[in-house]
Every structure is written in structure tokens, then in C-alpha cells.
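The chain contents come next:
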Protein chains: 2
Amino acid sequence: MTPVIFWFEFASTYSYIAAERLRAKHLHPPQVVWKAFLLGPILEAQGRSSSPFDAQPAKAAYVWRDLDRLAAKHGLPFEKPRSFPQNGLLAARVATAFPDEKWLPDFVCAVFHAEFAQGHDIAETETLADILEGMGLPSRAILEEAVQPETKAALRRATEEARALGIFGAPSFSVGHELFWGQDRLDDALEWAQHSHHP
Amino acid sequence: MTPVIFWFEFASTYSYIAAERLRAKHLHPPQVVWKAFLLGPILEAQGRSSSPFDAQPAKAAYVWRDLDRLAAKHGLPFEKPRSFPQNGLLAARVATAFPDEKWLPDFVCAVFHAEFAQGHDIAETETLADILEGMGLPSRAILEEAVQPETKAALRRATEEARALGIFGAPSFSVGHELFWGQDRLDDALEWAQHSHHP
């Protein structure tokens, strides 16, 4: 079976819904790989704003209502954060530094939860330290690893890989070169991976 | 039960998929109402291009691939038209002039089929006349009715109603003031309508 890569961006509301839905399926590497990337540089390279909803009030109003409904549908807490979009760089670096850890999905979901249900600012080191400590993990060592040059370079590579795959939004899923955009397409991506006879 | 209004735009690829999926469910008024509108004036009033993909090559490439996959998944023929987006004004007027006819869903799907599977230009009166004749309908009388001032005014009203509901893309579904955007949300909209205890 070809692995499904789950591309998430910590600033993205729909990435939160996708992460929780995917975690509930208990699929692990090599079947499913969780991969953080930064959407901002990709949008900027395309000449687009990193807050595309700013210019589209009707779409923005829809999206917040849609998130309320989606969260309720999947039994997830959701509260529109006071600051949006948030800076998820440090969280993305933590996720990038520990791609093979079993705690990665729990960490990712806890960050999204802090951001979109608890009103915390995920740009704060303390927010992430609290999450890691709450999971019984050595926050100080992990956060140090997250800012090493190799980690920063790995996140830049992941973002470049996402761009090269044609990713233009988050969340996305890739199966080989097949791309699926949006949390709505989670099941389509998993199904695609199961049919390796696809070209 | 609150009716589900299916808002489609003849230039929209995903409206084609939604129309075929909805037709297969055999739901009729008052349960489901098919309503044509024009997305162009709504986008223009928001200062957006009526061809939003022009500025986003990565998204455009994704969308055509996605449509191939979606059409295959739902057993529908699909071929990228040489001219896109097409002018669906006359087709929308036909749909607007005959909102209560049992043949409306068949006509709508036949127009989408001509556009997205058979390589025809739906802006041509002859394309629509051929479709209507093929359905055993009096094409001349229908096309005359479609260009009456009352029909033109009704389509403008429908478009204004869509804008007032907050519609910013096609297809959309509305249940009272609840809005669902995209063919992916067809089932969510139908489910919402069935739970009239929703606020």
C-alpha cells in the first residue's frame, strides 16, 4: 500500500478537524505519515495573501459557521480564536523534529485544541511547553531540538516538497503524486491508497 | 421538513457533479428545489475575478485532476471543455422560466453533460434547442419564454437572493439560512433539512 501523507498547517482551522478525524482512525506509519508544512511561503510565492479570507467577507462568514457545524458533527470542541491566523512556526518545528514518535498525532491535536478550543496562543513557547509536559514529555529537550538548524532546514524542505506536489491549501493529503485537498477528502485519500492498482 | 435549495451555476464544473448526484436521489419539490443563479455578478461585486483559477495555476491543475477522479467515482463522463468558463446565461434563463417542471433536473444535467462531457458550447441557442428536442419538449416555445423580461428579472432576483444568503461559490445548498458550499456537502445539507429541530 502506498502511504498517505497528511499535510497539515497549524494555522489552519480545517487542519484541526482533519487531524482529529485522522487520529481517531489509529493509522500509523508507514500507512499514514503526519507532515507539518508552512502554507504562508507557498501562498506568498503565488502572489496570494496568507489570509485569503480577508478579501472575501462572505466566504469568511461561511467558514466560521461551517467550522461550528463540522466540529459539532464530529464531537469536537471549537471556539473562534481571538487572533487568527496564528503563527504555528514553533509547533511545526516540533512536529518536524520528531516525525517518527508515537506521540506526534496527540501533540498535533493538542496544539490545535489549544488554538481552536481553549483560546491559547500557539506562537508562545509556554503554550507548547505546557502541552508537552501535560503529555509527560521532556518539553525543554524537545523545544531545543525544534530550533536546531537541521530541524529548520527539514521544515523548509517539507514546505518545498508540498509546493512541488502542487499543494496550495491545508489540509492536503498525498498518495504518491495524487493530491487531495481539504478535510472532506480524507476518506477519498485513504481509499485511493488502498487501491494500489491506480496509476 | 425545510426544503433544500440547490443553487447551481451552469459554468461550474462542480455544479455538474452535484446536479448528477442530486438527480440520482429522486428528491422533488417541495423537498428539494433546483435554482439557477449567476455567480459572475456576485464575484464581481466582491471585486473578484469570475475565473478565480486564472491566478492560481496550482489550484487549477488540482481541480481538473480532481474532477476526473470525482466523475469516475460517481460513474459520470467528464472531459475538460476547450472553452472554460462558458456562458450559461441562456441555460440559466430556461431553468428559471420553468422552476416547477418535472423535466428541470433532466434538462440541467443534459446541459452540464453537453458542456463537460460532449464538448459543446452551451452559450449556443442550438445546443439548448437540441437538448430540449431530444427530451421531446417544444424547444421554440421554451426558448422564447426564457428571454421574456419576467424571466430575466426572475434570474436577477434569484442571483440577488443567493448573494443575500451569503453565497460566494457554486454549487451551494441552503436550508433556511443555513448554507452549505460545494458538492461535497450535498449529504450534509440533506441531513440538516431532515433535522428541523435545528435552530
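In what follows, the structure referred to is the one given above.
For clarity, every value in this text was computed on a predicted model and none was experimentally measured.

Caption draft 1: Geometry of the relation of the copies chain A and chain B. The two copies are related by a screw motion: chain A maps onto chain B through a turn of 180 degrees and a shift of 0.0 Å along the axis, at an RMSD of 0.0 Å. The transformation just described matches what one would write down for a two-fold rotation axis. It is D184(A) whose C-alpha, among those of chain A, lies nearest the rotation axis, at 3.5 Å. By residue overlap, the copies meet face to face through one surface: 100% of the interface positions of chain A are interface positions in chain B.

Caption draft 2: The interface of chain A and chain B, seen in detail. Opposite the 24 residues of chain A that make contact, chain B presents 24 residues. Summed over both partners, the interface of chain A with chain B comes to about 2,200 Å²; 47% of that surface belongs to carbon and sulfur atoms. When the area that chain A buries against chain B is broken down by residue, the three leading residues are Y62(A), R69(A) and R185(A), summing to 27%. In this structure, R65(A) engages E178(B) in a salt bridge whose closest nitrogen and oxygen atoms are separated by 2.6 Å. For the pair chain A and chain B, the interface holds 14 residue pairs in polar contact (both at pLDDT 80 or more). Taken together, the elements giving at least two residues each to the side of chain A that touches chain B come down to helix 3 (57-73), strand 4 (178-181) and helix 9 (186-194) of chain A. When residues of the side of chain A that touches chain B are assigned to their parent elements, the largest contribution, 8 residues, is made by helix 3 of chain A.

Caption draft 3: View of the pattern of salt bridges. Under the defined criterion, the tally for this structure stands at 26 salt bridges over all chains. A salt bridge links D66(A) to R185(B), with the nearest nitrogen and oxygen atoms 2.5 Å apart. Taken together, the residues D66(A) in helix 3 and R185(B) in the loop between strand 4 (178-181) and helix 9 (186-194) connect one chain to another. In this structure, D66(A) and R185(B) share a single accessibility class: buried. Bridged by salt links that share partners, the residues R65(A), D66(A), R69(A), K73(A), D184(A), E178(B), R185(B) and D188(B) form one connected network.

Thresholds, definitions, all that
- Residues numbered from 1 in each chain as written.
- Chains lettered and ligands numbered in written order.
- Predicted model: local features only at pLDDT ≥ 70, side-chain atom pairs only at ≥ 80, totals over all residues.
- Heavy atoms only, no water.
- Least-squares fit on C-alpha atoms with pLDDT ≥ 70 in both.
- Contact = heavy atoms within 4.5 Å.
- Buried area = accessible area lost by both parts, 1.4 Å probe.
- Salt bridge = Lys/Arg side-chain N within 4 Å of Asp/Glu carboxyl O.
- Polar contact = N/O pair within 3.5 Å; in protein donor to acceptor, adjacent residues only side chain to side chain.
- Helix = DSSP H or I, 4+ residues; strand = E, 2+ residues; numbered from the N terminus.
- Buried < 20%, exposed > 50% of the residue type's maximum accessible area, 1.4 Å probe, protein only.

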